[in-house]
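Descriptive analysis of the structure
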Amino acid sequence: MQELTPELQATLARLATVGFEVLPMLDVGTHYIVGRDGLIAFVQRHEDGAFGSSGNPGKLCERGLATFVRRGEGGVFQAKGLELEATVAEYDAAIRFAIDLRHALASPAA
């Protein structure tokens, strides 16, 4: 069981403040899976349990994780052999998700 250091507790609090959940995935020891409003992202998990950098948000579909990718003025969710055009609402949600996650994972200024 990983010890909840003050730094880890602070990161978890920042994530919760903007509506993120850390999803329990016991067999994924190298990453956390963070979700909000139907979107998820993998976040690097350091050996000491600290959060690292995050990947692009995505959503689960029939082919697994479809990652959000900006394309021109819009975006798509891509999975192996599959491309789903993002609606305006999905585009906005994915951009906000990525921004909020990046800010929540950033260490506060000392």
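Coordinates for the structure precede this section.
Worth saying up front: this structure is predicted, and the values here are computed from it rather than measured.

Some details on the pattern of salt bridges
Evaluated as defined, the whole model comprises four salt bridges. With a closest N to O distance of 2.9 Å, Arg36 and Asp100 form a salt bridge. Placement of Arg36 in strand 2 (residues 31-36) and of Asp100 in helix 2 (residues 88-105) is noted, with a sequence separation of 64 residues between them. By relative accessible area, which is 12% here, Arg36 ends up buried. Across the pair Arg96 and Asp100 runs a salt bridge whose closest N-O atoms are separated by 3.1 Å.

Some points on the packing of aromatic side chains
Here the structure, examined in full by the defined rule, presents four aromatic pairs. By the ring-pair criterion, three or more aromatic residues cluster together here, those being Phe68, Phe77 and Tyr91. Between the NZ or CZ atom of Arg36 and the centre of the ring of Phe20, over which it lies, the distance is 4.4 Å.

Section: the packing of helix 1 (residues 6-17) against helix 2
Packing of helix 1 against helix 2 brings their axes to within 8 Å, and their N-to-C directions diverge by 155°. Between helix 1 and helix 2, the crossing angle belongs to the class labelled roughly antiparallel. As for the relative orientation of helix 1 and helix 2, their crossing is right-handed in sense. Only Leu101, Ala104 and Leu105 of helix 2 make contact with helix 1, whose side of the interface consists of Thr11, Arg14 and Leu15. Partitioned by chemical class, the residues of the contact of helix 1 with helix 2 number four nonpolar, one polar and one charged.

Observations regarding helix 1
Taking 1.5 Å of rise per residue, 12 residues should cover 16 Å, and helix 1 covers 16 Å from first to last C-alpha, within 8% of that figure. Buried within helix 1 are the following residues: Leu8, Thr11 and Leu15. Along the long axis of helix 1, the arc covered by the buried residues comes to 60°, so they all point the same way. Of the exposed residues in helix 1, those oriented more than 90 degrees away from the buried face are Pro6 and Thr17. Residue Gly19 follows helix 1 closely and has a positive phi angle near 90°.

Rules used in this analysis
- Residues numbered from 1 in each chain as written.
- Predicted model: local features only at pLDDT ≥ 70, side-chain atom pairs only at ≥ 80, totals over all residues.
- Heavy atoms only, no water.
- Salt bridge = Lys/Arg side-chain N within 4 Å of Asp/Glu carboxyl O.
- Helix = DSSP H or I, 4+ residues; strand = E, 2+ residues; numbered from the N terminus.
- Buried < 20%, exposed > 50% of the residue type's maximum accessible area, 1.4 Å probe, protein only.
- Phe/Tyr/Trp six-rings, centres within 6.5 Å; stacked < 30°, edge-to-face > 60°.
- Lys NZ or Arg CZ within 6 Å of the ring centre and 35° of its normal.
- Axes fitted to C-alpha atoms, helices over the stretch in contact; angles between N-to-C directions.
- Parallel < 35°, antiparallel > 145°, perpendicular 65-115°, else oblique.
- Left-handed = near helix turned anticlockwise from the far one by under 90°.
- Contact = heavy atoms within 4.5 Å.
- Nonpolar A, V, L, I, M, F, W, Y, C, P; charged D, E, K, R; others polar.
- Expected span 1.5 Å × (residues − 1).
- Arc of directions from axis to C-beta.

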